[in-house]
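A closer look at the structure
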Amino acid sequence: FASVIDRTSSITMMCGSATAATAAGGLPTMMLGLILLAAAGVPLADGFAYAPNFITKIIEQSTGITPVGLLDVGQTNNDNTEDEATSSVEAIANNNDFQGPITTRFPPEPNGYLHLGHAKAVSFNFAVARAFQGGNGRCHMRLDDTNPTKEDEEYVQSILEDVRWIQQGLEPFTAADDTDKEGPWYGNVRKTSDYFQLIYDAAVYLIKTGDAFVDELTAEEMREYRGTLTEPGKESPWRDRSVEENLTLFEKMKNGEFENGRYALRAKIDMSSPNLNMRDPVIYRIKHESHQATGDDWCIYPMYDFSHPIADAVEGITHSLCTLEFEDHRPLYDWTAERVLKADLVSCQPRQIEFSRLNLKYTVLSKRKLIKLVEDKYVTGWDDPRMPTLSGVRRRGMPPAAIRLFCERMGISKSDSNIDFTIMEDCAREVLDDESPRAFAILDPLKVTIKNWDDSTKEDFGVPRHPKKNELGERTVPFGKNVYIERSDFFDLEGPEGLSNGGRAPEGFKRLLPGGKVRLKYAYVISCDEIVRDPETNEPTELVCTLYPETRAGVTPEGEARVKGIIQWVEASTAAKVQVMQYDRLFKVEEPGKDSGEFTDDINTESLKIMNDVIVEPSVAMDALSMIDRIQNSSTEDKLYHSALTYQFERSGYFALDSSSTEKNLVFNRVVTLRDTWGAPPAGGRGGKAEQPKQKSQQANPRKQGGGQAPILEDARRVALRAGTILEAGPHPEADSLIVCKLDCGDKNEAGEAEEPRTVVAGLAGKIPYEKIT
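Nothing here was measured: the structure is a model prediction, and the numbers come from that model. (Residues numbered from 1 in each chain as written. Predicted model: local features only at pLDDT ≥ 70, side-chain atom pairs only at ≥ 80, totals over all residues. Heavy atoms only, no water.)

The next point concerns the overall build of the protein chain. Across its full length, the protein chain carries 17 helices and 34 strands. Looking at the protein chain as a whole, 56% of its 774 residues are labelled buried. If you sum the accessible surface of the protein chain, you get close to 33,600 Å²; carbon and sulfur atoms cover 46% of it. (Helix = DSSP H or I, 4+ residues; strand = E, 2+ residues; numbered from the N terminus. Buried < 20%, exposed > 50% of the residue type's maximum accessible area, 1.4 Å probe, protein only. Areas by Shrake-Rupley, 256 points an atom, 1.4 Å probe, with all protein chains shown as cover.)

Moving on to the pairing of strand E4 (residues 103-106). Across the two faces of E4 the burial is the same, with Thr103 and Arg105 and Thr104 and Phe106 all buried. By the bridge criterion, four bridges tie E4 to strand E5 (residues 138-143) in an arrangement that is parallel. Paired with Thr103 across the strands is Arg138, a residue of E5. Note that the unit made of E4, helix H4 (residues 116-131) and E5 has a crossover that is right-handed. (Pairing = 2+ DSSP bridges. Right-handed = clockwise from strand over helix to strand, strands pointing away.)

With that settled, consider the environment of Glu606. For Glu606, the position within the fold is in the loop between strand E26 (576-583) and strand E27 (608-616). A residue is classified by how much of its surface remains accessible, and Glu606, at 38% relative accessible area, is partly exposed. As a C-alpha pair, Glu606 and Gln582 span 24 residues in sequence and 9.6 Å in three-dimensional space.

Two strands in a sheet stick together by hydrogen bonds in their backbones, pointing the same way (parallel) or opposite ways (antiparallel). Strand order in the open sheet formed by seven strands is E15-E28-E29-E30-E26-E27-E16, and the pairing between neighbours is mixed. The sheet is open, and its two borders are formed by strand E15 (438-439) and strand E16 (441-442), each paired with just one other strand. The strands touched by helix H14 (residues 421-435) within the sheet are E15, strand E28 (646-649), strand E29 (653-657) and strand E30 (667-672), with E30 carrying the most contacts at an inclination of about 120°. Along the sheet face, helix H16 (residues 618-632) touches E15, E26, E27, E28, E29 and E30 and points at about 165° away from the line of E28. (Contact = heavy atoms within 4.5 Å. Axes fitted to C-alpha atoms, helices over the stretch in contact; angles between N-to-C directions.)

Attention now moves to the side chain of Thr323. Locating Thr323 in the fold gives a position in strand E11 (residues 319-323). Take Thr323: its relative accessible area is 16%, and that puts it in the buried class. Within the structure, Thr323 has its side chain in polar contact with the side chain of Glu325 (distance 2.9 Å). Sequence-distant contacts of Thr323, defined by excluding residues within four places in its chain, comprise Glu354, Phe355, Ser356 and Arg357. (Polar contact = N/O pair within 3.5 Å; in protein donor to acceptor, adjacent residues only side chain to side chain.)

Summed over the entire model, instances satisfying the criterion amount to 26 aromatic pairs. Taking 6.0 Å as the distance between ring centres and 40° as the angle between the ring planes, the aromatic pair formed by Phe126 and Phe173 counts as tilted. With Phe126 in helix H4 and Phe173 in the loop between helix H5 (153-166) and strand E6 (190-191), this residue pair connects regions lying 47 residues apart in the sequence. Each member of the pair, Phe126 together with Phe173, is buried. Here Tyr200 and Trp298 contribute two aromatic rings whose centre-to-centre distance is 5.9 Å and whose plane-to-plane angle is 55°, an arrangement assigned as tilted. Of the two residues, Tyr200 sits in helix H6 (residues 196-208) while Trp298 sits in the loop between strand E9 (282-286) and strand E10 (300-302), which places them 98 residues apart along the sequence. For Trp298, a relative accessible area of 11% puts it in the buried group. Among the aromatic side chains, those forming a connected cluster through ring pairs are Phe196, Tyr200, Phe250, Tyr284, Trp298, Tyr301 and Phe306. Over the ring of Phe440 we find Arg475, and its NZ or CZ is 5.3 Å from the ring centre. (Phe/Tyr/Trp six-rings, centres within 6.5 Å; stacked < 30°, edge-to-face > 60°. Lys NZ or Arg CZ within 6 Å of the ring centre and 35° of its normal.)

On to the sheet that holds E4. The parallel open sheet is built from three strands, whose spatial order is E4-E5-E6. The two strands at the open ends of the sheet, each matched to only one other strand, are E4 and E6. Where H5 meets the sheet, it contacts E4 and E5, and its direction lies at approximately 160° from that of E5. Those strands touched by helix H9 (residues 304-315) are E4, E5 and E6, and its axis lies near 140° from that of E5.

The predicted model of the protein chain has a mean per-residue pLDDT of 83, with 81% of residues at 70 or higher. Confidence drops under pLDDT 50 across residues 1-50; counting only partners more than four residues distant or on other chains, this segment forms 172 contacts. This stretch, residues 71-96, has a pLDDT under 50; its non-local contacts, to residues over four places away or in other chains, come to 55 contacts. (pLDDT = per-residue confidence, 0-100.)

Interhelical geometry of H6 versus helix H8 (residues 243-254) gives an angle of 160° and a closest axis separation of 9 Å. By the angle between their axes, H6 is roughly antiparallel relative to H8. Our pair here, H6 against H8, has a crossing hand that is right-handed. Across from Tyr200, Ala203, Val204, Ile207 and Lys208 in H6, the residues of H8 making contact are Val243, Asn246, Leu247, Phe250, Glu251 and Lys254. Of the residues belonging to the contact of H6 with H8, the class tally is seven nonpolar, one polar and three charged. (Parallel < 35°, antiparallel > 145°, perpendicular 65-115°, else oblique. Left-handed = near helix turned anticlockwise from the far one by under 90°. Nonpolar A, V, L, I, M, F, W, Y, C, P; charged D, E, K, R; others polar.)

All right, on to H14 then. The terminal C-alpha atoms of H14, which comprises 15 residues, lie 21 Å apart, in line with the 21 Å expected from a rise of 1.5 Å per residue. Taking burial as the measure, the 15 residues of H14 include eleven buried ones, the bulk of the element. If you check which residues of H14 are buried, you get Phe421, Thr422, Ile423, Met424, Glu425, Asp426, Cys427, Ala428, Arg429, Val431 and Leu432. (Expected span 1.5 Å × (residues − 1).)

Take the state of the cysteines next. One pass over the structure, following the stated rule, counts zero disulfides. The cysteine Cys545 is free of any disulfide, with Cys528 supplying the nearest cysteine sulfur at 4.7 Å. Residue Cys545 is classed as buried on the basis of its relative accessible area, which comes to 0%. (Disulfide = S-S within 2.5 Å.)

All told, the structure shown has 47 salt bridges when counted by the stated rule. Of the charged contacts, one joins Asp215 and Arg266 as a salt bridge, the two residues approaching to 2.7 Å between their closest N and O atoms. Of this pair, Asp215 sits in strand E7 (residues 212-215) while Arg266 is found in strand E8 (residues 264-267), placing the two residues 51 residues apart along the sequence. Note on Asp215: relative accessible area 0%, which makes it buried. (Salt bridge = Lys/Arg side-chain N within 4 Å of Asp/Glu carboxyl O.)

Structurally, Arg429 can be placed in helix H14. At 2.9 Å, the side chain of Arg429 forms a polar contact with the side chain of Asp426. Within the structure, Arg429 has its side chain in polar contact with the backbone oxygen of Leu674 (distance 3.4 Å).

Here it is in structure tokens:
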């Protein structure tokens with residue numbers, strides 16, 4: 001499933017094609033048959049929905065089980081599973097005797113921290129299992145711990161924590177034999193090391209059937225014998241050992257009688273195979289190292305390509321969903337699975353299906369590069385809020401629902417695409433806008449003294465925590481003689497900024513000017529009478545203002561003009577001082593290292609701005625202290641995170657409480673700006689309108705974000721629009737405001753044959769009769 005947003009016309013539509021091309025912004029290209037309706041003035045609803053993709057169709061065809069929660073718009077003559085998908089399940093495409101349950105799994109190696117690429121795999125494996133509830137769908141959590149050299153219990157615990165977090169808020173899978181329920185997956189956490197004895201037995205079986213042999217070639221010699229993509233390999237001189245000799249040597253390998261690298265067990269397949277993975281691959285090697293789960297029980301360990309299909313088969317995994325780099329490994333996966341099934345070591349043969357991995361602009365997802373960032377101190381650690389690790393984005397304040405929404409909108413296909421980081425930020429904005437209460441925070445404070453207000457008098461204003469969610473209640477905002485406003489909300493005509501602008505206010509500036517008026521949101525209108533300046537810099541340090549009591553709470557007295565400018569404020573004596581970490585993208589180019597040759601040369605040196613004197617209203621501090629107390633007293637089973645406390649600091653962005661916060665030092669991280677400001681040029685004067693962005697504004701330096709309102713970046717390159725014919729239209733199964741269409745875009749495959757229609761969703765329900773759409 002995929003989604004695309006056309007910012008310039010406020011259209012959101014969905015498409016289920018797995019072979020869509022890629023637009024300049026990184027999204028799958030949509031052929032939008034309803035674009036003419038939008039041009040005619042018909043409003044379309046924002047949103048997204050699940051749609052069938054090639055993997056759900058494979059599963060449906062091979063099992064006869066219909067998925068739930070996906071869009072159903074009926075069948076047409078062109079409804080055929082894509083060639084690229086069908087080829088991977090030819091053996092089961094017509095299997096009407098399938099016995100469930102439909103089972104997927106998420107099987108990371110515990111040798112590092114999960115990142116956003118893993119988030120896609122987690123989200124999709126769990127989503128597929130939930131979609132096939134009619135087949136008793138379930139998703140396993142398994143750690144593929146076959147390499148003790150790089151694995152650690154720290155990674156194990158971080159992986160499990162990340163998966164629990166990314167699935168937070170969704171219904172967990174339940175099993176009758178759950179003895180120690182640890183997360184949203186089905187049953188207990190599984191490990192490949194749980195099956196080491198069975199995997200060893202499978203290797204012995206292959207030796208006995210003549211499908212494996214013990215080799216003495218060194219690793220370097222194996223590479224020489226392997227051949228190339230254009231030349232066949234050479235058979236090892238040890239390939240024709242007798243079964244008895246192979247069994248004896250393998251037993252001695254297991255008993256620890258040989259040093260590392262002395263022998264290796266190899267599958268005996270075909271050294272002339274065009275697929276290098278099938279040229280007698282190593283399936284067991286000697287490693288005299290303690291294992292984080294099994295200790296010193298074993299000194300030989302299976303290779304991933306050998307253990308993975310066996311572990312899948314043992315657990316009854318029906319569909320092994322993995323990314324495209326494993327496509328060339330599928331023949332070895334099937335070769336292994338077929339033989340362990342024949343040996344009666346397992347009772348089923350899983351099927352591997354590949355989909356494209358997540359590639360994200362302005363970041364790196366390579367484990368090697370992430371390690372370099374940490375070890376060379378470019379970041380503060382694996383959970384640095386600028387890192388693409390799940391622990392990093394969690395600490396920054398990215399909600400798990402936003403990560404899942406991002407993965408769902410990117411869709412599932414076999415076409416690689418490089419996704420713009422902006423799309424993930426948009427998903428965060430969408431979720432945070434709905435979830436986050438509002439609050440006043442002054443990032444760059446300027447003191448205001450109300451000269452006609454009594455020093456000892458305080459007035460409380462009850463204001464909504466969220467403008468669209470009355471159930472969140474109200475917060476109390478105190479008002480008194482001294483308040484703070486954003487420095488950017490005052491334009492000093494008589495100071496340095498005024499002189500540089502010819503003594504004029506910037507075009508469109510509606511906030512406070514010397515002698516001018518502005519409304520303090522929810523409170524009163526004030527006018528600026530006097531400016532107190534720093535004697536050295538001539539910068540304003542305090543404004544002396546007059547308050548107009550008759551303008552309380554938005555009232556405009558009869559006969560007076562309405563004051564257009566409205567700004568936020570915080571009362572001085574009740575305010576709390578906090579630290580704000582303003583994070584931006586870690587890299588300044590779309591593909592770090594592509595042009596420079598070294599990815600660290602493209603690090604954005606302005607990716608973090610620390611602000612130590614930020615002023616927030618008292619309700620923010622009270623909420624933060626309450627959250628810290630709850631975290632200190634929470635159980636590990638129901639873990640709370642500091643970053644679960646998020647706010648929209650009005651006109652500044654979305655912020656989350658940082659895990660380093662203490663009762664004496666509250667720290668907030670900027671999750672994302674209110675609008676996409678990446679590459680926007682600086683505003684023309686303090687608080688003024690921004691210039692029009694250049695054509696290559698994404699290449700520019702990031703704009704330093706202050707407390708003022710940021711300009712919107714409109715970039716039509718993010719979507720490609722083409723027309724098609726609507727074949728069918730019907731109601732959306734879960735949303736009354738949406739309709740679901742089948743759209744013929746004239747798509748053809750490489751052979752010139754027509755491809756199946758696309759699934760498109762639009763917010764046209766009740767606006768145009770169905771019979772007039774088709």
